[in-house]
Amino acid sequence: MSTAPEPEQREPRPALVFDDPLDQQSSDDTDRGWGECPAGDSAADLKRFLDEKPPHHI
């Protein structure tokens, strides 16, 4: 007698979610990463200002 091979165990599919995606906050909705810098002293602020100043603002 021959036996059929055991079927492979499959991972369950993730459940479908029908929530409104606009109710969730995305990473673009935050101010994170928009030019903020760690707190520092005024000398560090001046150095950052001079480093980031466009060349036409002499």
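Residues numbered from 1 in each chain as written. Predicted model: local features only at pLDDT ≥ 70, side-chain atom pairs only at ≥ 80, totals over all residues. Heavy atoms only, no water.

## Examining a nonpolar patch on the surface
Then, in step 1: Taken together, Leu46, Phe49 and Leu50 make up a surface patch of nonpolar side chains, about 310 Å² in accessible area.
Then, in step 2: Mapping Leu50 onto the fold places it in helix 1 (residues 42-52).
Then, in step 3: According to the relative accessible area criterion, Leu50 is partly exposed, its value standing at 45%. (Patch = residues over 30% accessible without salt bridge, like charges linked within 9 Å, V, L, I, M, F, W, Y side chains within 5 Å. Areas by Shrake-Rupley, 256 points an atom, 1.4 Å probe, with all protein chains shown as cover. Salt bridge = Lys/Arg side-chain N within 4 Å of Asp/Glu carboxyl O. Helix = DSSP H or I, 4+ residues; strand = E, 2+ residues; numbered from the N terminus. Buried < 20%, exposed > 50% of the residue type's maximum accessible area, 1.4 Å probe, protein only.)

## Here we look at the pattern of salt bridges
Then, in step 1: Using the criterion set out here, one finds two salt bridges in the structure.
Then, in step 2: Lys47 is the salt-bridge partner of Asp51, the closest N and O atoms lying 2.8 Å from each other. With Asp51 and Lys47 both in helix 1 and four residues apart, this pair spans about one turn of that helix.
Then, in step 3: The exposure class assigned to Asp51 is exposed, which follows from its relative accessible area of 54%.
Then, in step 4: Across the pair Arg48 and Glu52 runs a salt bridge, and its minimum N-O distance is 3.3 Å.

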